[in-house]
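Summary of the model geometry
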Amino acid sequence: MDFNYSPEEQAFRSEVRAWLADALPEGWGRTVFEPEDEEERAQFRISWERKLFEGGWSGISWPQKYGGRGATLIEQGIFAEECARAQAPEGINVIGRNLAATTLMHHGTEEQRERYLPKILAAEEIWCQCFSEPNAGSDLASSRCRAEADGDDFVINGQKIWTSYAQYSHLGILLARTDQDAPKHKGLSFFVVDMDSPGISVRPLTQITGEQEFNETFFEDVRIPKANLVGDLNDGWRIAMTTLSYERGAEDALARQIRFKQELDLLIENLQDARQGGQKSIDDPAIRQRLAQSIVDLELMRMNCLREFSKAIKGEKPGPESSLMKLYWSHVAQEMFDMSIEVLGPEGLLMQGDSDAVARGRFPLSCMQSRAFTIYSGTSEIQRNIISERVLGLPKEGKRA
Amino acid sequence: MNFDFDDEHYMFQETVRDTLAAEFPIDLLRDGGDPVELDAALWPTLAQIGLFGLMVPEDHGGLGLSPIEFALISEEFGAALVPLTVTDTIVSSLILARFGGAAQVENLEKLALGSLRVACAVYEKDGGYDPAAFATALDDQGRLTGRKLLVAGAARADLLLIVAKDSAGEPALALVEPDRAGISIVRENALDISGDYYRVECADVAVAPGDMIGGGGEAVACLLDMLATAAAQSIAGIGARMLDTTVAYVKEREQFGQPVGAFQAIKHRCADMAVDINTARSGAYYAGWAMAAGEPDERVRAVSMAKAKANRMAVHILREAIQLHGGMGYTWEMALHFHFRRGRFLETLYGSTEFHNERVLAGTLAQLAAER
């Protein structure tokens, strides 16, 4: 066990830091920010991802044969930490890099990997995830979207929902039913779908924040070549579980932890300058206790990630244990954002655009956004089912008379 | 960067677990066994596998390991309810090795063999958790006066390691024999009944300069941080044991025609327990590393994070463990109360959540000020 970074890791950190300082505009994060308009922001993020690729920073821990650096997860973590420190923009192709690519590395054919992975790295192709349906959310295995073989193609009919970034996506990973008669987990297959195919329509959904990241996606006689099947026919559920364990895993969590910690530091900074009643907010013992609890919770989120990284480096694959991480971070982050507006007092309620708003109104916005944490990538209730049944070995709920 | 233990340390942990299961079953406590007698029987076995020399340097006959490896052992101590006098003795060896210098070589050699029991006399009535606020002190004639509470195993100890202010008013450590004139030791009736605790009263006890351990305030801080770290680790072990016990019970217990563990109202709570234990472990292991290798600022922060989290976890897990056993959980026979008692004892004795939270916040503010 050693929490010190090796000389190689430190050199890597310096290299990342220098590159970021050079690549980001002067005054970034202090006077220069991301565009406020959602469409402009999306384009801005895509162009940032391309810049990362050109600088050689895309797919740091990917194998070299797929265009990555072949670096360790620790270096991947260092990169994420340095991006956060520089307040670098987030990417938009998260699903491509973290979910589609990792799933294809495990289950795709060599042809599929060669076709898709380089363009994910280069942010030339943006991906979305077509898993959930209006009647198959937590009960994902009951997906009804159909894929029927027809000559060299499959023909897709059905509807998907919560497809984040579908409006910007070139490709999607799709879970569809290929056997109507098999038990529900055994009749699903996993596909890559070209989102520009005729018959696909995307309708944005407005979130509780007023933003429109996610969508409803409709498939009407959409033709997918048979070569786009990933893994074996009717083996889609098992493959989707790989995807989900990455979605809930340590790499994803570490990047989030860094962002959360930044927001908490910003909150503390604002409370140091703020007064409530007769005293400085930061001197209020009750506020100090609440801040400390979130500091502890978020630092231990990082420790959980590092423990998982060390296991992964030893060769352990992510499994149902990744639900322990997701269930943990989603709740502690939500509590932190709930706390943030409470401790700021009345001015904590002012949102972006108001001249009295604290930190450009990001705390009330983050508080709203954090409602999603305990719902996406599997609700907390589903994570608890996974942990209790697949980690602790408790029985499934019986069908009683 | 590597946040994992070596395989050989996991193997040592298993040896300790198996030894404790064989030599120190909870049935003995449940059936009315006196922890003093149980401990007397256990001690030689622990000495035999070298546990008391765990953190004694190899050239003094120990295993030369660090608080990193002790984390896994301390977890087992928690799970098996090993009396705290064992932990106190092992922790003392670390402090004597770090701060005692050549004067303590003989004691370290005895410690490594398990032939020396040290009791840590730290806390006081009205003293809280900050040693700067403790009343026990040496006067300028070198006379020690004060009263310590909840000193584990003191009546059987060969030496008392006492936190006291020196004649300059600074926190320091004195190492004295319990039979020295002016020391009286009385057994206390404490919440934890799987160990024995004593009030240690010192009235004008003569303390020579040679009885003082070097290091002053830093030695005291290290002792308190190591005791808190060990407590956080033992709480992780208690949590894990309570979850195992609870999961086994709800798999077996049937109501409404199915195991109660199949109901989401039950299984979801077990899942939340698992999450809490996993995270508390991360904190407890990290604190072990920080005790071994961290700078003082990082050590204080890591220890307090670990203990604050372990405390919250202890309250949560111990509450749920009894609740999910239903009426059986409230019986003496089920014996969950031993872990409840020990867990809450460790939670409260070595720094409350509020105390450790405040240390974390103060450290964070200092760090942010330095970065500005």
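Because the structure is a prediction, the values reported are computed rather than measured.

Right, let's get into the pattern of salt bridges. Scanning the model with the defined rule gives 51 salt bridges over all chains in all. With a shortest N-O distance of 2.9 Å, Asp-297 of chain A and Arg-312 of chain B are connected by a salt bridge. Residue Asp-297 of chain A is found in helix α8 (residues 285–313), and its partner Arg-312 of chain B is found in helix α9 (residues 296–324); the two belong to separate chains. On the accessibility criterion, Asp-297 of chain A (2% relative accessible area) is buried. Among the salt bridges present, the one from Glu-76 of chain B reaches Arg-17 of chain B, with a minimum N-O distance of 3.1 Å. With Glu-76 of chain B in helix α4 (residues 67–80) and Arg-17 of chain B in helix α1 (residues 7–23), the pair connects residues that are 59 residues apart, well separated along the chain. The exposure class of Glu-76 of chain B is buried, given its relative accessible area of 7%. Linked through salt bridges whose partners overlap, the residues forming this network are Arg-13, Arg-17, Glu-81, Glu-82, Arg-85 and Arg-302 of chain A.

By the definition in use, this model includes 31 aromatic pairs over all chains. Consider the rings of Phe-3 of chain A and Tyr-286 of chain B, whose centres lie 4.9 Å apart with planes at 65 degrees: the pair is edge-to-face. Pair noted here: Phe-3 of chain A is in the segment before α1 (7–23) and Tyr-286 of chain B is in helix α8 (residues 264–293), and the two residues belong to different chains. Residue classification places Tyr-286 of chain B among the buried residues on the basis of a relative accessible area of 8%. Note on Phe-5 of chain B and Tyr-285 of chain B: the rings are 4.8 Å apart at their centroids and 90 degrees apart in plane angle, and the pair reads as edge-to-face. One end of the pair, Phe-5 of chain B, is in the segment before α1; the other, Tyr-285 of chain B, is in helix α8, and 280 residues separate them in sequence.

We now examine the state of the cysteines. All names here are of chain B. Here the structure, examined in full by the defined rule, presents 0 disulfides over all chains. Counting only cysteine sulfurs, Cys-120 is the nearest neighbor of Cys-222, a cysteine outside any disulfide, at a range of 13 Å. A residue is classified by how much of its surface remains accessible, and Cys-222, at 2% relative accessible area, is buried.

Residue and element names in this part refer to chain B. Pairing of strand β3 (residues 143–152) with strand β7 (residues 197–206), which is carried by 7 bridges, proceeds in the antiparallel orientation. When the bridges of β7 are listed, Arg-147 appears paired with Glu-201. Pairing between strand β6 (residues 183–187) and β7: 5 bridges, direction antiparallel. From the neighbouring strand, Ile-185 faces β7, where its bridge partner is Val-200.

Residue and element names in this part refer to chain B. In terms of domains, chain B is made up of domain 1 (7–115), domain 2 (119–214) and domain 3 (217–371). The centre of domain 2, based on its C-alpha atoms, is set 28 Å off from the matching centre of domain 3. Tallying the contact residues gives 20 residues for domain 2 and 19 residues for domain 3. Roughly 1,700 Å² of surface becomes buried between domain 2 and domain 3 when both sides are summed, with 76% attributable to carbon and sulfur atoms. Of all residues in domain 2, Tyr-123, Tyr-129 and Leu-191 bury the most surface against domain 3, accounting for 37% of the area lost on that side. Connecting domain 2 to domain 3 are 1 salt bridge. Of the charged contacts in the structure, one is a salt bridge between Arg-342 and Asp-192, with a shortest N-O distance of 2.8 Å. Our count for the contact surface shared by domain 2 and domain 3 stands at 5 residue pairs in polar contact (both at pLDDT 80 or more). Secondary structure elements with two or more residues in the side of domain 2 that touches domain 3: β4 (159–165) and β5 (171–176). Tallying contributions element by element places β5 first for the side of domain 2 that touches domain 3, with 3 residues.

Another aspect to go through is the environment of Gly-50 of chain B. Residue and element names in this part refer to chain B. As for its position among the elements, Gly-50 is in the loop between α3 (35–48) and α4. Owing to a relative accessible area of 15%, Gly-50 belongs among the buried residues under this scheme. Considering only alpha carbons, one finds Gly-50 and Ala-206, 156 residues apart in sequence, at a separation of 34 Å.

Right, let's get into empty space enclosed by the protein. Residue and element names in this part refer to chain A. Applying the stated criterion across every chain yields a total of 5 cavities of 30 Å³ or more. Reported here for the largest cavity is a volume of approximately 90 Å³. Around the largest cavity, the lining residues are Glu-38, Arg-41, Ala-42, Arg-45, Ile-92, Tyr-165, Tyr-168 and Glu-213. The class makeup of the residues in the lining of the largest cavity is 4 nonpolar, no polar and 4 charged.

Right, let's talk about helix α6 (residues 105–113) of chain B for a bit. Residue and element names in this part refer to chain B. When we look at burial in α6, the residues that qualify are Asn-107, Leu-108, Leu-111 and Ala-112. Projected down its long axis, α6 carries its buried residues within an arc of 140 degrees, all on one side. Across α6 from its buried face, at more than 90 degrees, point the exposed residues Glu-106 and Leu-113. Elements in contact with the buried residues of α6: α5 (84–99), β1 (118–121), β4 and β5. Just past α6, the residue Gly-114 takes up positive phi, approximately 85 degrees.

Another point: the packing of α5 of chain B against α6 of chain B. Residue and element names in this part refer to chain B. Put simply, α5 and α6 touch, their axes get as near as 10 Å, and they point 150 degrees apart. One finds that α5 runs roughly antiparallel with respect to α6. As for how α5 packs across α6, the hand of that crossing is left-handed. Each of Thr-89, Ser-93, Leu-96 and Ala-97 in α5 lies in contact with α6, whose residues at this interface are Asn-107, Leu-108 and Leu-111.

What counts and what doesn't
- Residues numbered from 1 in each chain as written.
- Chains lettered and ligands numbered in written order.
- Predicted model: local features only at pLDDT ≥ 70, side-chain atom pairs only at ≥ 80, totals over all residues.
- Heavy atoms only, no water.
- Salt bridge = Lys/Arg side-chain N within 4 Å of Asp/Glu carboxyl O.
- Helix = DSSP H or I, 4+ residues; strand = E, 2+ residues; numbered from the N terminus.
- Buried < 20%, exposed > 50% of the residue type's maximum accessible area, 1.4 Å probe, protein only.
- Phe/Tyr/Trp six-rings, centres within 6.5 Å; stacked < 30°, edge-to-face > 60°.
- Disulfide = S-S within 2.5 Å.
- Pairing = 2+ DSSP bridges.
- Domains from an automatic or database assignment.
- Contact = heavy atoms within 4.5 Å.
- Buried area = accessible area lost by both parts, 1.4 Å probe.
- Polar contact = N/O pair within 3.5 Å; in protein donor to acceptor, adjacent residues only side chain to side chain.
- 1 Å grid on protein atoms, 1.4 Å probe; cavity = no way out; pocket = protein on both sides within 12 Å on 5 of 7 lines; lining within 4 Å.
- Points joined across faces, edges and corners; volume = space filled by probe spheres on them.
- Nonpolar A, V, L, I, M, F, W, Y, C, P; charged D, E, K, R; others polar.
- Arc of directions from axis to C-beta.
- Axes fitted to C-alpha atoms, helices over the stretch in contact; angles between N-to-C directions.
- Parallel < 35°, antiparallel > 145°, perpendicular 65-115°, else oblique.
- Left-handed = near helix turned anticlockwise from the far one by under 90°.

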